[in-house]
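Structural description and commentary
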Amino acid sequence: MWSVVLPRTRRSALAAVIASALAAAWGACSDPAARVRVVALGGDCARPAGANAAKVTAYAAGGEAIKSLSLDEAVAIGDFPADTEQIGIEVLVGGGAIGAQGKSAPLVFEALADGAAIPILMAPPGGFCELPGMLEARAQPLVARAGDGALVVGGTGDTGPLSSAEYYDPATATFRPIAVPRVLTDGQGFTGAALATLPDGRVALIGGHQRAAIVFDPKKLAFVTDPTLVNPAAFHAAIATGDHEVLIAGGCMEVTGLACDGGPRPQSLRYDLTRLSSPEASATLAPGLRVSAQLFDLGIQLDGRRQFLLAGGSGAPGRADRFALDDTAAEVVAGGHARAAALDGGAVLTAFADDTVAGDGAAAVIAPGAAAAQRISGAPPLQGVRLIALEDGRVVGFGGDPDGRVVTYDPTHDAWTASLPTPTGRLTAPSLARLTDGTVLVVGGAVTRRAWLYRPSLVGPASGSVTAIPANDATNDATRGVLTAPDPATVTRVPSPAAWRLTTPAGAPAGAPAGPAGAAMARALVGGPRLAVGSVLATVHVTAGGVALIAQQTGPGHAIIARLAPGMPPQLVRLDAGTEQAVCSGAAVLGAFDPAQPVTLRLAIIDGTARLTRDGSELLRCPLAAADRGAWGIASLGAGAAVTVDTITVARGRPAA
């Protein structure tokens, strides 16, 4: 372990001489005490062979503050902003390669207590750091993010189901025991139950053979409610829909012999955790058994309703169920596969077969509003895979490979890649949780105490600047930005010369708002940054129709959109719960775009002002208060419109002139 010591002040300095702290990683003396410490965890993971330099990054609302230094350099970090939201560290080896990297959980720097330690787990980029083992050997436990760590519950041990629980503590990178109420330790474990992380970081455990609901509080490291009997539900999916509300769907009625029994549960239910005895009925699902599926929050749609999708699992292959909370019946979406993960923009990736079936590598994406899943490039034919979405917009699959290779799906290129063999060895159906620092906790791929953290790229919601160049090759280079079109049918990837074309369907989608050129749009979003204030800069060729820039999107029906349509003045609109509200318009009517000429567009929302430019010339400027943090991107505008994307950058803070 080594530490970077940062005195906590306001604007003047998060400044400290960190050379000796970095050198301490290799045996030198440590820095003097300070009010706030950044502590790099991971043992040998934080000390790669050949390390010779380090870079510390403060991710702030106004952008990134970066300091590079050598290991023996007596240099202060420099002034870090008072609005720092995360801190990242990269340790360099050899000619500048990154040997280890990590970032903190999100933080409010000025709210940190004196003497606070900010832990950062270090690991090789795109690699694993093995943790001190779990307290009990277990396979396929229930795992969910809890605060900045993770709750691990139940699973199967050498002698059968486990009734124990433990907590992965990111402050120490170790597991801690969690007391389980005696009434829940009946020898059958938590078979059939489900976990749902609440907005405040607590975790609700609900259902299973015990028919109980209970809440875990990571701040107290304890279950803080008494177990309460609920309606029968087993092997179902669960997701938080509010501060004190959990939606469950799918599964069966009972558990017998560690398997589903009693028939399928057709009714989805909403539980208010303050009055669990009176659940509220939600949509009825299509007939058929859905075991161990997942629920996804798709966000606000164009019709103004917040929708959810039940996808993946076994028992009813080739189907997903989409519904709003007040629907009486779910809409059936045809197609799909056993494993599922969220993509940017409200799309859901499905891939791989059930664990009992030989994999054929088939994969598909369920786009917002689509009646059927759309086939995409096939994945490696593996069994026992589990998928999880990363902060940068990619999806990663763990398990099924004899050498522990990790498979990664990059939506920019519609391509799967496999890593080199990993230290995990073969895993089968491991349990996963993405933590608030962007790492993935991997446990339970066999009956074992072994546990790992996987470190993807540092790109995430607090990143200062991310650039996507869709024409680049499809290598699994985590430094390249990801661009995701939620509807795969709207993208054409041309191999030579390499190009990425976004095309709006000839017919406007159902429920699309009225506006210039029908307001039909095919969107693409940059993975990572989630901003209320910042800019999107794109260089494109508009080959037909118009083009739009997108800001602050939290769902298809909730975003800021700057439209540039030939024959119309440029316009800035707000989509709020699917309702279009005009913000402002430019003075001049736009002419047609020249398909042969690139155009550079920028939408910046800074200091309460929105500004839209084309090739450096201002098209409109108007007041616009910062709203939700969301995704930023680009869209083709108008039925049949087509845009070739050369490059697109999303940046925090004030854009460059």
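Residues numbered from 1 in each chain as written. Predicted model: local features only at pLDDT ≥ 70, side-chain atom pairs only at ≥ 80, totals over all residues. Heavy atoms only, no water.

1. As for the overall build of the protein
For the protein, the count of helices and strands is one helix and 53 strands. For the protein, with 657 residues in total, the buried portion stands at 57%. Long-range contacts, defined as pairs at least 24 residues apart, comprise 60% of the intrachain contacts of the protein with a sequence gap of at least 6. Carbon together with sulfur atoms contributes 54% to the accessible area of the protein, which is approximately 24000 Å² in total. (Helix = DSSP H or I, 4+ residues; strand = E, 2+ residues; numbered from the N terminus. Buried < 20%, exposed > 50% of the residue type's maximum accessible area, 1.4 Å probe, protein only. Contact = heavy atoms within 4.5 Å. Areas by Shrake-Rupley, 256 points an atom, 1.4 Å probe, with all protein chains shown as cover.)

2. Details of the pattern of salt bridges
Counted according to the given criterion, the structure contains 30 salt bridges. Among the salt bridges present, the one from Arg202 reaches Asp200, with a minimum N-O distance of 2.8 Å. With a closest N to O distance of 3.1 Å, Arg322 and Glu331 form a salt bridge. Taking relative accessible area as the criterion, Arg322 reaches 2% and is therefore assigned buried. Looking at Glu331, the relative accessible area reads 37%, which means it is partly exposed. A single salt-bridge network, built from bridges that share partners, covers Glu85, Arg629 and Arg652. (Salt bridge = Lys/Arg side-chain N within 4 Å of Asp/Glu carboxyl O.)

3. So, the sheet that holds strand E26 (residues 294-300)
Within the open sheet, the four strands sit side by side as E26-E27-E28-E29. Their pairing is antiparallel. Strands at the two margins of the open sheet, each flanked by one partner only, are E26 and strand E29 (331-334). Direction aside, the axes of adjacent strands within the sheet are offset by 25 degrees on average. With six bridges connecting them, E26 and strand E27 (residues 306-311) associate as antiparallel partners. Its bridge partner lying in E27, Gln294 is registered against Ala311. (Pairing = 2+ DSSP bridges. Axes fitted to C-alpha atoms, helices over the stretch in contact; angles between N-to-C directions.)

4. A closer look at the environment of Gly154
Its location among the elements puts Gly154 in the loop between strand E10 (149-153) and strand E11 (156-157). Gly154 sits 37 residues away from Thr191 along the chain, and the two C-alpha atoms are 7.5 Å apart. Once residues within four sequence positions are removed from consideration, Gly154 is found in contact with Arg138, Pro141, Leu162, Ser164 and Phe190.

5. A few points about the sheet that holds strand E8 (residues 127-131)
Taking strand neighbours across the sheet as the criterion, the four strands line up as E8-E40-E39-E38 in an open arrangement whose pairing is antiparallel. Edge positions in the sheet fall to E8 and strand E38 (431-434), since each of these pairs with one other strand and no more. Each strand axis lies, on average, 25 degrees off the axis of its neighbour in the sheet, ignoring direction. Sheet topology places strand E39 (residues 440-443) next to strand E40 (residues 451-455); four bridges connect them, and they run antiparallel. Within E40, the position partnered with Val443 by the bridge is Ala451.

6. Concerning the nonpolar core
Membership of the largest hydrophobic core comes to 41 residues, with the highest contact counts inside it found for Leu549, Leu572, Ile634 and Ile648. With 20 residues, the next largest nonpolar core counts Leu41, Cys129, Val152 and Ala451 among its residues. (Core = buried A, V, L, I, M, F, W, Y, C linked by side-chain atoms within 4.5 Å.)

7. Digging into the state of the cysteines
What the rule picks out here adds up to three disulfides. Note on cysteine connectivity: Cys45 is disulfide-linked to Cys129, with sulfurs 2.2 Å apart. The S-S bond linking Cys45 to Cys129 shows a torsion near 105 degrees; that makes this disulfide right-handed. Taken together, the residues Cys45 in the loop between strand E2 (36-41) and strand E3 (51-60) and Cys129 in strand E8 connect sequence positions 84 residues apart. Neither residue differs from the other here; Cys45 and Cys129 are each classed as buried. Two residues, Cys252 and Cys260, share a disulfide whose sulfurs are 2.0 Å apart. One disulfide, between Cys252 and Cys260, carries an S-S torsion of -90 degrees and so falls in the left-handed class. Given a relative accessible area of 1%, Cys252 falls into the buried group. (Disulfide = S-S within 2.5 Å.)

8. Concerning the packing of aromatic side chains
If you walk through the whole model with that rule in mind, you get eight aromatic pairs. Summarising the aromatic geometry, the rings of Tyr167 and Phe216 are spaced 5.9 Å apart at their centres and angled 40 degrees between planes, so their arrangement reads as tilted. Note that Tyr167 is positioned in strand E13 (residues 165-169) and Phe216 in strand E17 (residues 212-217), a separation of 49 residues in sequence. Summarising the burial analysis for this pair, Tyr167 and Phe216 share the class buried. Pairing Tyr168 with Phe175 gives two aromatic rings, centres 5.5 Å apart and planes at 55 degrees, and the pair type is tilted. (Phe/Tyr/Trp six-rings, centres within 6.5 Å; stacked < 30°, edge-to-face > 60°.)

9. Side note on the confidence of the model for the protein
When pLDDT is averaged along the protein, the result is 88, and 89% of the positions lie at 70 or above. Taken together, the stretch residues 74-78 has pLDDT below 50 and engages in 18 contacts with residues farther than four places along the chain or on a different chain. (pLDDT = per-residue confidence, 0-100.)

10. A short note on the pairing of strand E6 (residues 97-103)
In terms of residue burial, E6 counts as a mostly covered element, since five of its seven residues are buried. Where strand E5 (residues 84-93) meets E6, six bridges bridge the pair, whose relative direction is antiparallel. Its bridge partner being in E6, Ile89 is matched across the sheet by Gly102. Two successive antiparallel strands, E5 and E6, enclose a turn made up of three residues, where Gly94 displays a positive phi of approximately 55 degrees.

11. Some remarks on the side chain of Gln301
Looking at the secondary structure, you find Gln301 in the loop between E26 and E27. The contact partners of Gln301, leaving out residues within four places of it in the chain, are Gln307, Pro368, Pro556, Gly557, Ala577 and Gly578.

12. Some details on the pairing of strand E41 (residues 465-468)
Side chains of E41 alternate between two faces, with Val466 and Ala468 buried and Ser465 and Thr467 left unburied. The pairing of E41 with strand E53 (residues 631-652) spans four bridges and is antiparallel. Among the inter-strand pairings, Val466 is bridged to a residue of E53, identified as Val650.

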